[in-house]
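Structural features, examined
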Amino acid sequence: MSTATIGGHDVHVDQEGFMTVYDEWTEDLASTLADNIDIRLTDEHWAAIRFIRDDFKAMGETPTLRRVTTVGGIPTKRLFELFPKKPAKKMAYIAGLPKPAGCV
Amino acid sequence: MTLTLEAPVPVFDDLGSGRKLAIICSKGSLDMAYPGMVLANAALGEGIETHLFFTFWGFDIINKETMSHLQFTPLGNPATHMPPMLMGLPGMTSFATHMMKKQIEGIDVPDIPEFLEMITDSGGHLWACKMSADMMHLEPEDLYDRVEGIISASDFIELSEGAQTIFI
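Residues numbered from 1 in each chain as written. Chains lettered and ligands numbered in written order. Predicted model: local features only at pLDDT ≥ 70, side-chain atom pairs only at ≥ 80, totals over all residues. Heavy atoms only, no water.

Per the secondary structure count, chain A includes 5 helices and 2 strands. Overall, chain A shows an N-to-C arrangement of helices and strands of β-β-α-α-α-α-α. For 104 residues, the compact-globule formula gives about 13 Å, and the C-alpha radius of gyration of chain A, at 13 Å, lands near that figure. Counting only C-alpha atoms, chain A reaches 35 × 25 × 20 Å along its principal axes. Of the roughly 5000 Å² of accessible surface on chain A, a fraction of 49% belongs to carbon and sulfur atoms. Of note, chain A has its 13 positive side-chain charges centred 9 Å away from the centre of its 15 negative side-chain charges. (Helix = DSSP H or I, 4+ residues; strand = E, 2+ residues; numbered from the N terminus. Rg over C-alpha atoms; globule rule 2.2 N^0.38 Å. Areas by Shrake-Rupley, 256 points an atom, 1.4 Å probe, with all protein chains shown as cover. Lys, Arg positive; Asp, Glu negative; His and termini not counted. Charge placed at Lys NZ, Arg CZ, Asp CG, Glu CD.)

The next thing to look at is the nonpolar core. One broad trend across soluble globular proteins is that nonpolar side chains are buried collectively. In this structure, B:Phe54, B:Ile61, B:Ile62 and B:Leu116 are the most contacted members of the largest nonpolar core, which totals 46 residues. Mapped by element, the contributors of at least two residues to this core are strand S2 (20–25), helix H1 (30–45), strand S3 (49–54), helix H3 (92–106), helix H4 (112–121), strand S4 (125–129), strand S5 (147–151) and helix H6 (153–159) of chain B. Residues in contact with B:Ile62, not counting those within four places in the same chain, are B:Phe54, B:Leu116, B:Ala128, B:Asp142, B:Leu143, B:Tyr144 and B:Val147. Core analysis: the next-biggest nonpolar cluster, separate from the first, contains 36 residues, A:Ile6, A:Ile37, A:Ile39 and A:Ile52 among them. (Core = buried A, V, L, I, M, F, W, Y, C linked by side-chain atoms within 4.5 Å. Buried < 20%, exposed > 50% of the residue type's maximum accessible area, 1.4 Å probe, protein only. Contact = heavy atoms within 4.5 Å.)

Okay, the interface of chain B and chain A next. Facing the 25 residues of chain B at the interface are 28 residues of chain A. Seen at the junction of chain B and chain A, the total is 4 salt bridges. Across the salt bridge formed by A:Lys86 and B:Glu46, the nearest N and O atoms sit 3.5 Å from each other. The interface formed by chain B and chain A holds 8 residue pairs in polar contact (both at pLDDT 80 or more) in total. When contributions to the side of chain B that touches chain A are tallied by element, the ones reaching two or more residues are strand S1 (5–6), H1 and H4 of chain B. (Salt bridge = Lys/Arg side-chain N within 4 Å of Asp/Glu carboxyl O. Polar contact = N/O pair within 3.5 Å; in protein donor to acceptor, adjacent residues only side chain to side chain.)

Attention now goes to helix H2 (residues 43–59) of chain A. All names here are of chain A. If you check H2, its first and last C-alpha atoms are 24 Å apart, about what 17 residues at 1.5 Å a residue would give, namely 24 Å. By the burial criterion, the buried members of H2 are His45, Trp46, Ala48, Ile49, Phe51, Ile52, Arg53, Asp55 and Phe56. Looking at the packing, one finds that the buried side of H2 touches helix H1 (27–36), helix H3 (65–70), helix H4 (76–82) and helix H5 (87–94). A positive backbone phi angle near 80 degrees is found at glycine 60, which sits one or two residues after H2. (Expected span 1.5 Å × (residues − 1).)

With that settled, the discussion passes to the packing of H1(B) against H3(B). Residues and elements named next belong to chain B. Running from amino to carboxyl end, H1 crosses H3 at an angle of 25 degrees, the nearest separation of the two axes being 11 Å. Between H1 and H3, the angle is such that the two are roughly parallel. Residues Leu30, Asp31 and Tyr34 of H1 touch H3, and the partners they reach there are Thr97, Met100, Lys101 and Ile104. (Axes fitted to C-alpha atoms, helices over the stretch in contact; angles between N-to-C directions. Parallel < 35°, antiparallel > 145°, perpendicular 65-115°, else oblique.)

Quick look at the sheet that holds S4(B) now. Residues and elements named next belong to chain B. Judged by pairing direction, the sheet is parallel, and its 5 strands sit side by side in the order S5-S4-S3-S2-S6 without closing on themselves. Edge strands, defined here as strands with exactly one partner in the open sheet, are S5 and strand S6 (164–167). With direction set aside, neighbouring strand axes in the sheet form an average angle of 20 degrees. Where S2 lies against S3, 6 bridges are found, and the strand directions are parallel. The partner of lysine 20 across the bridge, within S3, is glutamate 49. Packed on one face of the sheet, H1 meets S2, S3 and S6 and runs near 160 degrees to S3. (Pairing = 2+ DSSP bridges.)

A few words now on the packing of aromatic side chains. Aromatic ring pairs: the centre-centre distance and the angle between the two ring planes describe each pair. As enumerated under the stated definition, the model contains 6 aromatic pairs over all chains in all. Geometrically, the ring pair formed by A:Phe18 and A:Tyr93 is edge-to-face, given 5.7 Å between the ring centres and 80 degrees between the ring planes. Linking A:Phe18 in the loop between strand S2 (9–13) and H1 with A:Tyr93 in helix H5, this pair joins segments that are 75 residues apart in sequence. With a relative accessible area of 1%, A:Phe18 lands in the buried category. Centroid distance A:Tyr93 to B:Phe12: 5.8 Å. Interplanar angle 65 degrees. Geometry classified as edge-to-face. Here B:Phe12 lies in the loop between S1 and S2 and A:Tyr93 lies in helix H5, a pairing that spans two chains. Taken together, the aromatic side chains of A:Phe18, A:Tyr93 and B:Phe12 make up a single cluster linked through ring pairs. (Phe/Tyr/Trp six-rings, centres within 6.5 Å; stacked < 30°, edge-to-face > 60°.)

Structural data, given as structure tokens:
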């Protein structure tokens with residue numbers, strides 16, 4: 001874990017660039033992070049990001065994709081459209097959370 | 001003085017591109033169905049093109065009649081660390097199946113039909129083996145709706161060209 005800048009802000013990140021301190025994340029940063037991976041945030045993206053932020057806070061870990069579908073109510077298909085190829089990791093990156101650790 | 005650098009950006013789009021996975025599911029017991037499901041789901045989450053080919057006993061996973069009723073038996077399975085003589089008692093298979101299903105549900109992993117739904121929603125492809133369908137006298141309508149087709153072994157060899165193949 002080291003300090004680096006994202007959008008002009010000093011934050012803690014891991015080696016890959018995922019933010020590691022929950023409270024350092026802001027919605028402004030999310031837009032910069034999304035830009036970094038060529039995603040333009042829409043309301044639907046925000047709904048997913050807010051869900052995984054809230055769920056992380058409540059459960060202490062990044063939710064799996066299945067949880068975003070079953071608990072967050074966003075269909076799996078839609079998640080693959082919103083965050084192509086690697087939805088779980090891309091969501092976590094934009095939301096300033098660690099990669100999900102669960103297998104399923 | 002410390003110099004703060006711009007944070008690295010994870011590489012998301014290059015890793016999965018071009019990689020392809022084919023999983024042959026040949027077993028129909030509950031404990032042998034899950035490894036294929038879990039791997040397929042993980043590969044899809046990494047953006048990897050994934051095909052599942054169901055053959056022989058693996059057909060039970062996509063047969064509408066059986067897919068919700070896969071069983072686990074501790075009989076002849078030393079990994080359960082139970083006395084072998086007891087494992088053959090009547091009711092033991094349904095008891096062990098019940099326990100395993102509870103454990104799977106307990107860690108928030110879906111049952112087989114929901115898992116297949118999740119896999120296909122994630123872009124995974126399901127294929128049924130022609131020889132098994134012929135042997136078991138099964139038609140496309142007997143199979144889970146999202147199975148894309150009943151295909152021959154050579155069709156599978158063609159479609160898995162360039163894929164890493166896992167046999168379960």
